[in-house]
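Listed here are the chains, written in short residue letters.
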Amino acid sequence: MPTIQITGGRIIDPSQDIDQIGDVWISGGRIVPSDGGHDHADVVVDARGKIVCPGLIDVHVHLREPGQEEDETIATGAAAALAGGVTSVACMPNTLPPIDTQAAAEFVVLQGRRAKQANVFPVGCVSKGRKGEELAGLGQLVAGGAVAFTDDGAPVSNAGLMRRALEYSKMFDLVIMQHCQVMELTVGGVMNEGFESMRLGLGGMPAAAEDIMVARDIRLAEITGGRLHIQHISTARAVELVREGKRRGIRVTAEACPHHFTLTDEKLRSFDSNFKMNPPLRTADDVAAVIEGLKDGTIEILCTDHAPHAREKKMRELDQAPFGIVGLETLLPMTVTYLIEPGHLTWSEAIRKLTINAANLINLKNKGSLRPGADADVTVIDPSTTWTIQANQFRSKSWNTPYDGWEVRGRAHTVIVHGEVRHTLGGIVQESAASA
Amino acid sequence: MLGLEDLSREEILAVLDTAESFAEVSRRDRKKVPALLGRIVFNLFFENSTRTRTSFSLAAKRLSADVQDFSASVSSISKGETFIDTAKNIEAMGCDVMVVRHPTPGAPHLLSQHVSSSIINAGDGAHEHPTQGLLDLMTIRQAKGKIEGLTVALLGDISHSRVARSNIWGLLKLGAKVILCGPPTLVPRSMERLGCEVAYRLEDVLPRCDVINVLRIQFERQQGGLFPSVGEYSQFYMMTQDRVRLAKPDLLILAPGPINRGVELTPEVADGKHSAILDQVTNGLAVRMAVLYLLSGKMDARPAGE
């Protein structure tokens, strides 16, 4: 493994409250002290004018393998992650078959290693077969490498099962991630229920369907003492419920995706299925509440819900097209352009939500930080570059994004995983004279 | 021609005026003009229809177009071909106009991004049915001499009705007051934001109405359980002779059809002196001729090679 010197960058590491100009050194796949007496680097990354931070971690992606490789594979998804500056992903278990056994979790880990792109961590199912009836073998999933549990794609509707999951998972201190949706309230829904769905004649999914499940699960987390994580929060009331739960000391965390802080349900007027996601795009009031939740720390994690679908699937009529959009390659610029640049979050606050908070959520002890000894996963960001998102340039196998053609700021410039430069836009990596 | 929401007041009036002139063609011995001679009109119906499909076919034939019907149930759609690919194939056969009916809101809009033929929305799910909206406007204007200043109630399943949405846009643009009446599960309060009044008691609404448009319960588009029974619905919302007597003496009753006698209105009301149901059908032909004719003008205006 090469010794790497990342030199002259603005180092932002919220895990150590660092925001300063300096060098980061990497050796043997680990971060090493910058004053550790190194006089030689095999690779020098000139990071002047750039931001150097721990590798970004996305706790919510769908990689579709096994079963739907036409949409994405673990290799293409992990490559898309790198292109977006993401060095680790936690992938959801709603594959075919679902990740509900130790062998299935090990398959994901193995494919991730083979791909040698971003780190890939499996999230195991809460219930066997994601049927919402019986607990999956949570302990065996942990043995297979699972870092959390969820039935995402669908909620754990059965309150009794959710209670047991929150209780039982305490023995591993892993989090239960919940897709909050009362299914009985969203039958036939393709978008947020409200003025826009009425105007367009499209089936609606009321905000209350999310709020009610969030309220129920926070109460269940309270009585069990388990760790509850609210996935892709999208409504004003749900944000308020999480805020209130935290205030009462309940172990609840929440994540938000860029589409829920940049887009509203008015976009559906185009009838474009790239605006169809679940939870759906909500109203301007909800968007404001999500941003407020990010600002005051109620929502401590930014992620994507990267949901790739092959073009032929998204080209169908709106009610037949699947829910979801890709996000790995747009997470960083959306965060920069719509949270940092308008002043909602500082760089340090945003990077905290993309690194150490995400690492803590899924118990990655050696990631999300640039402290000496940590895994050498580093993202170098060009904060000032302006560029146009072009879906046909994505490394992801699928191009279903609502942001195609958008002009944005900020881009991953160099991405280092496990002490190796695995992605670069070119130009700033140079072999040092000594090693050449 | 994707919906009345997209049309201006002037454009709507232009279609209505053109339709009036085409109504005369239908009264001639030889009911045919050569306006669309050599043009090909495809009826792409992905949902059942009798009235609208026949009306569009006849309208196209009276303009001397060649008309081809397409039914999803006997097409390659049933073999898995996508809606867009089917339409592209039809366009490759030289189609000039596609008349599209589809159960999904926005399906004609989606198509318009993939083909260059003129597209007429003949009903997309619960979204819009613009030619029905236009023929309703034409029927009201014929009977009342105007639309501005009238109070028009839409009665019944507003939530799932494309006819309601096209009526709302058209009536509001032409200056009518619109009242939406039905059970709260079928008339969302958010509809007030469109500029309409929402009411739940028909008896309160009727005395103020110049026109009432009785809409069908869209059993095929709702999830069920939105009202306890057809019997209970009829008890509160069926137009009966007794209820007609609560209204102004010159009340005009419309119904887009197919009508459910004994559910939405009694036979006496459907066939009574206030009813303009068959005039609507006649006007539908004129409106569709007008729309096809006006779109044909746009076709001629297309630059060569497009």
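Residues numbered from 1 in each chain as written. Chains lettered and ligands numbered in written order. Predicted model: local features only at pLDDT ≥ 70, side-chain atom pairs only at ≥ 80, totals over all residues. Heavy atoms only, no water.

1. A look at the overall build of chain B
Thought 1: Looking only at helices and strands, chain B has 11 helices and nine strands in total.
Thought 2: Taken over the C-alpha trace, chain B has a radius of gyration of 19 Å; the compact-globule value for 306 residues is 19 Å, and the two agree within 12%.
Thought 3: Across its three principal axes, chain B shows a C-alpha extent of roughly 60 × 45 × 35 Å.
Thought 4: Across chain B, contacts joining residues at least 24 apart in sequence account for 73% of those joining residues at least 6 apart. (Helix = DSSP H or I, 4+ residues; strand = E, 2+ residues; numbered from the N terminus. Rg over C-alpha atoms; globule rule 2.2 N^0.38 Å. Contact = heavy atoms within 4.5 Å.)

2. Here's the deal with the confidence of the model for chain B
Residue and element names in this part refer to chain B.
Thought 1: Residues of chain B with pLDDT of at least 70 account for 93%, and the chain-wide mean is 91.
Thought 2: Within the model, the stretch residues 301–306 combines pLDDT values under 50 with three contacts to residues more than four positions away or in other chains.
Thought 3: As a predicted assembly, this complex carries a pTM of 0.93 together with an ipTM value of 0.90. (pLDDT = per-residue confidence, 0-100.)

3. Regarding the interface of chain A and chain B
Thought 1: Every contact between the two is made by 16 residues of chain A and, on the other side, 23 residues of chain B.
Thought 2: Between chain A and chain B the total buried area reaches about 1,700 Å² when both faces are included, carbon and sulfur atoms providing 62% of it.
Thought 3: Applying the counting criterion to the chain A and chain B interface returns one salt bridge.
Thought 4: Residue A:Arg199 is joined to B:Glu5 by a salt bridge in which the shortest nitrogen-to-oxygen separation is 2.5 Å.
Thought 5: Here chain A is connected to chain B by four residue pairs in polar contact (both at pLDDT 80 or more).
Thought 6: In the side of chain A that touches chain B, the residues fall into eight nonpolar, four polar and four charged. (Buried area = accessible area lost by both parts, 1.4 Å probe. Salt bridge = Lys/Arg side-chain N within 4 Å of Asp/Glu carboxyl O. Polar contact = N/O pair within 3.5 Å; in protein donor to acceptor, adjacent residues only side chain to side chain. Nonpolar A, V, L, I, M, F, W, Y, C, P; charged D, E, K, R; others polar.)

4. Observations concerning the pairing of strand 1 (residues 4–13) of chain A
Remember that side chains alternate between the two faces of the sheet whenever the strand is regular.
Residue and element names in this part refer to chain A.
Thought 1: Burial analysis of strand 1 places eight of its 10 residues in the buried class, which makes it a mostly covered element.
Thought 2: For strand 1 and strand 4 (residues 43–46), the ladder comprises four bridges, and the chain directions are parallel. Within strand 4, the residue paired with Ile6 across the bridge is Val45. (Buried < 20%, exposed > 50% of the residue type's maximum accessible area, 1.4 Å probe, protein only. Pairing = 2+ DSSP bridges.)

5. Structural notes on the state of the cysteines
Thought 1: For the structure shown, the criterion picks out zero disulfides over all chains.
Thought 2: A disulfide-free cysteine, A:Cys91 has its sulfur positioned 11 Å from the sulfur of A:Cys125, the nearest such atom.
Thought 3: Just so you know, B:Cys209 is unpaired, no disulfide at all, and the nearest cysteine sulfur is the one on B:Cys181, 8.1 Å from it.
Thought 4: Relative accessible area serves as the criterion here: at 0%, B:Cys209 is assigned to the buried category. (Disulfide = S-S within 2.5 Å.)

6. A word on the sheet that holds strand 8 (residues 211–214) of chain B
All names here are of chain B.
Thought 1: Ordered in space as 7-6-5-8-9, the five strands form an open sheet in which the pairing is parallel. Unpaired on one side and paired on the other, strand 7 (197–199) and strand 9 (252–254) mark the two borders of the sheet. The mean angle between the axes of side-by-side strands here comes to 20°, regardless of whether they run parallel or antiparallel.
Thought 2: Strand direction decides the pairing type here: strand 8 and strand 9, joined by three bridges, are parallel. Bridging across to strand 9, Ile212 finds its partner in Ile253. (Axes fitted to C-alpha atoms, helices over the stretch in contact; angles between N-to-C directions.)

7. Quick look at the pairing of strand 7 (residues 86–91) of chain A
Residue and element names in this part refer to chain A.
Thought 1: Taken across its six residues, strand 7 has six buried, putting it largely inside the fold.
Thought 2: Summarising the sheet, strand 6 (residues 56–61) and strand 7 pair through four bridges and their orientation is parallel. By the bridge assignment, Val61 is partnered in strand 7 with Cys91.
Thought 3: A crossover links strand 6 with its parallel partner strand 7, the connecting element being helix 1 (residues 74–83), and its sense is right-handed. (Right-handed = clockwise from strand over helix to strand, strands pointing away.)

8. A look at the environment of A:Gln102
Residue and element names in this part refer to chain A.
Thought 1: Along the chain, Gln102 falls in helix 2 (residues 102–115).
Thought 2: Look at Gln102 and you get partly exposed, because its relative accessible area is 29%.
Thought 3: Note: C-alpha distance between Gln102 and Ser169 (67 residues apart in sequence) is 16 Å.
Thought 4: Not counting residues within four places of it along the chain, the set of residues in contact with Gln102 comprises Gln140, Leu141, Ala143 and Gly144.

9. Quick look at the pattern of salt bridges
Side chains bearing opposite charge may pair, as long as their charged atoms lie close to each other.
Residues and elements named next belong to chain A.
Thought 1: Tallied over the entire structure, the rule returns 40 salt bridges over all chains.
Thought 2: Arg216 is paired through a salt bridge with Asp217; the nearest N and O atoms lie 2.9 Å apart.
Thought 3: We note a salt bridge from Arg243 to Asp296, for which the minimum N-O separation is 2.8 Å. Of this pair, Arg243 sits in helix 7 (residues 236–247) while Asp296 is found in the loop between helix 9 (284–295) and strand 15 (301–302), placing the two residues 53 residues apart along the sequence.
Thought 4: Taken together, the shared-partner salt bridges in this structure form one network comprising Arg30, Lys367, Asp375 and Asp377.

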